[in-house]
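Chain by chain, the residues run as shown.
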Amino acid sequence: MPPFLAGDSRRRRLLTAAITLLVTFKSVISFQYKVGDLDSWGVPPPSLPNLYASWVLNHHFHINDSLFFLYPPSQDSVVQVTEKAFNVCIVTDPILKMEDGNSIFKFTSPGTFYFTSGVAGHCERRQKLQIAVPDANGTFFQPAAAPAAAAAGGPAAYPLVFGPTPEGGSSASPRLRGVVGGGPAVAIATLCWLF
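Residues numbered from 1 in each chain as written. Predicted model: local features only at pLDDT ≥ 70, side-chain atom pairs only at ≥ 80, totals over all residues. Heavy atoms only, no water.

An unreviewed UniProt entry lists the chain under the name Phytocyanin domain-containing protein, with Dendrobium nobile as the source organism. Looking at the Sequence similarities (unreviewed entry) heading of the UniProt record, one finds this comment for the chain: "Belongs to the early nodulin-like (ENODL) family." (UniProt positions renumbered as here; feature names shortened; annotations may be inferred.)

**Student:** When you look at the overall build of the chain in this model, what are you seeing that I'm missing?
**Tutor:** When its secondary structure is counted, the chain shows five helices and eight strands. Walking the chain from its N terminus toward its C terminus, one meets helices and strands in the order α-β-α-β-β-α-β-β-β-β-α-β-α. Per-residue burial over the chain gives 33% buried out of 195 residues. Across the chain, contacts joining residues at least 24 apart in sequence account for 74% of those joining residues at least 6 apart. Summed over its atoms, the accessible surface of the chain is roughly 11600 Å², and 60% of this surface lies on carbon and sulfur atoms. (Helix = DSSP H or I, 4+ residues; strand = E, 2+ residues; numbered from the N terminus. Buried < 20%, exposed > 50% of the residue type's maximum accessible area, 1.4 Å probe, protein only. Contact = heavy atoms within 4.5 Å. Areas by Shrake-Rupley, 256 points an atom, 1.4 Å probe, with all protein chains shown as cover.)

**Student:** Honestly, the packing of aromatic side chains in this entry has me stumped. Any pointers?
**Tutor:** Aromatic rings in a pair are described by how distant their centres are and how their planes are angled relative to each other. Applying the stated criterion to the full structure yields twelve aromatic pairs. Ring geometry for Phe-105 versus Phe-115: centroids 4.8 Å apart, planes at 75°, classification edge-to-face. Here Phe-115 lies in strand β6 (residues 111-116) and Phe-105 lies in strand β5 (residues 102-106), a separation of ten residues in the sequence. Put simply, the rings of Phe-31, Tyr-33, Trp-41, Tyr-52, Trp-55, Phe-61, Phe-69, Phe-105, Phe-107, Phe-113 and Phe-115 pair up and form one aromatic cluster. It is Lys-128 that lies over the ring of Phe-86; its NZ or CZ is 4.4 Å from the centre. (Phe/Tyr/Trp six-rings, centres within 6.5 Å; stacked < 30°, edge-to-face > 60°. Lys NZ or Arg CZ within 6 Å of the ring centre and 35° of its normal.)

**Student:** Sorry, what's going on with the pattern of salt bridges here?
**Tutor:** Oppositely charged side chains may form a pair once their charged atoms are brought near each other. Taken as a whole and judged by the stated rule, the model has one salt bridge. Its salt-bridge partner being Lys-97, residue Glu-99 comes within 3.7 Å of it at the nearest N-O pair. (Salt bridge = Lys/Arg side-chain N within 4 Å of Asp/Glu carboxyl O.)

Listed below in structure tokens is the structure:
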């Protein structure tokens, strides 16, 4: 046992509580990212044609993080699409369409997510975003095989593990920190245990 902990049960409890709090808060902190860190979601300027692909490389996304898309609702939208639709810029049959101008998409499960503008021609001009979210242990997974109905030419079935989550207000900050889950309750309970 380290000398600074020898014979002092209160000090050991305090250290244990501090470690518990760090582990707990690490698992409950989530971030909200303003897509592209720009004034708004839109067609990248000619000087930055790979804006969204480059932006993704500078961020690490996790379950419970969210994306904030800011855009004029009368001029643009955000659609979540399949990988195939993303690659060929087909936006007519999206998984999800958001068009309120302050769209928030929360990652509630691991996987690869594909977004583009719902406005014709914008995807072709690289207003598109691909994000991979690892499992809680940090590993990425392969998507499940297509359901039999979809493979047989029937309608595609999409799991309901995605979607916009209304959160209070919006901000110009590209990365907003928030605590979710039972973090504060765990912290209070741990501190009460100490004293």
